[in-house]
Amino acid sequence: MMRTYIKEFATYPDVTVMIIIFMLCAGFTVPNALQLYTWIAFGAGMLTYATSEYMVHRFLFHIKTPSNPFLLKTIKRLHYDHHVDPNDLKLLFLPLWFSLPGFVIYTMIVYGITSSIALATAFATGLVLYFLYYEWKHYIAHKPIKPRTAFGRNIKKHHLLHHFKNENYWYGVTHMTIDKTLGTFKENDEVEKSATAKNLEERVL
């Protein structure tokens, strides 16, 4: 059964493209694997996405409902509709038109700072790898898969609480570090059920 889920995940077009991009970036990074700065850049890429997953989710995907029709349509595709139907595979994964420009901008900033293609590529490798990890954990959260570790089960539990209990908490998908730092982590019994968890458009902010 797990093979079926892995196949479904890896063959979803947007995920497949990101896997190919990761392999290309890794191919350029591996020859420099013995250099310390390669690993620092790689780690910085992973840390960047680990941080942005919370920031983007909370401050962009949960913005006040836009009045502009184009912006509303955009944010509905990116996140609002995912809350309406959390298990719809087409709404589960981030679209390439959103993810790729951000990765390019991040990588160009690193290149601008370091003037090194090798370090920028190592950064991109870490960035894309963590993104794929994020997409996998998000996929697991919405599929009838029981994570093997207590950490994984805890992450899944709180992500589902975000969808079905209260959308104002538990923004982390791969970790709860920033939730706990910024006060958006609570235990289940500490939070009231929200009437708008499945309809973000109707929130009053």
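Residues numbered from 1 in each chain as written. Predicted model: local features only at pLDDT ≥ 70, side-chain atom pairs only at ≥ 80, totals over all residues. Heavy atoms only, no water.

Q: In this structure, what is going on with empty space enclosed by the protein? I would like to understand it.
A: In this approach a probe as big as a water molecule rolls over the atoms, and the regions it shows empty are the leftover space. Within the structure shown, the criterion is met by three cavities of 30 Å³ or more. For the largest cavity, the calculated volume is near 90 Å³. Taken together, 14 residues form the lining of the largest cavity, with H79, L92, L94, Y134 and H138 sitting closest to its centre. Secondary-structure elements contributing two or more residues to the lining of the largest cavity are helix 4 (69-84), helix 5 (89-92) and helix 7 (117-141). (1 Å grid on protein atoms, 1.4 Å probe; cavity = no way out; pocket = protein on both sides within 12 Å on 5 of 7 lines; lining within 4 Å. Points joined across faces, edges and corners; volume = space filled by probe spheres on them. Helix = DSSP H or I, 4+ residues; strand = E, 2+ residues; numbered from the N terminus.)

Q: When you look at the nonpolar core in this model, what are you seeing that I'm missing?
A: Side chains of nonpolar character tend, in soluble globular proteins, to be buried together. Core analysis: the largest hydrophobic core is formed by 34 residues, its most contacted members being Y49, F93, F103, F131 and Y139. Of all the secondary-structure elements, those providing two or more residues to this core are helix 1 (2-10), helix 2 (13-29), helix 3 (36-59), helix 4, helix 5, helix 6 (96-114) and helix 7. Looking at this core element by element, the count peaks at 12 residues for helix 7. Sequence-distant contacts of Y49, defined by excluding residues within four places in its chain, comprise L94, F103, L127, Y130, F131 and Y134. Among the nonpolar cores identified, the runner-up in size contains six residues, and I155, M176, F185 and V191 belong to it. (Core = buried A, V, L, I, M, F, W, Y, C linked by side-chain atoms within 4.5 Å. Buried < 20%, exposed > 50% of the residue type's maximum accessible area, 1.4 Å probe, protein only. Contact = heavy atoms within 4.5 Å.)

Q: Please explain the packing of aromatic side chains as it appears in this structure.
A: For any pair of aromatic rings, geometry is given as the distance between the ring centres together with the angle between the planes. Scanning the model with the defined rule gives 17 aromatic pairs in all. Summarising the aromatic geometry, the rings of W136 and Y139 are spaced 5.6 Å apart at their centres and angled 20 degrees between planes, so their arrangement reads as stacked. One end of the pair is W136 and the other is Y139, both in helix 7 and three residues apart, which spans about a single turn. Joined through ring pairs, the aromatic side chains of Y5, F9, Y12, F93, W136 and Y139 make up one cluster. A cation over a ring is seen here: K180 above F185, with NZ or CZ 5.0 Å from the ring centre. (Phe/Tyr/Trp six-rings, centres within 6.5 Å; stacked < 30°, edge-to-face > 60°. Lys NZ or Arg CZ within 6 Å of the ring centre and 35° of its normal.)

Q: Please clarify how the pattern of salt bridges should be interpreted in this entry.
A: Charged atoms that come close allow side chains of opposite charge to pair. With the rule as written, the count across this model stands at three salt bridges. Here K143 makes a salt bridge to E8, at a shortest N to O gap of 3.2 Å. One end of the pair, K143, is in the loop between helix 7 and helix 8 (150-164); the other, E8, is in helix 1, and 135 residues separate them in sequence. Residue K143 is classed as buried on the basis of its relative accessible area of 18%. According to the relative accessible area criterion, E8 is partly exposed, its value standing at 29%. Through salt bridges that share partners, K76, D81 and E201 make up one connected network. (Salt bridge = Lys/Arg side-chain N within 4 Å of Asp/Glu carboxyl O.)

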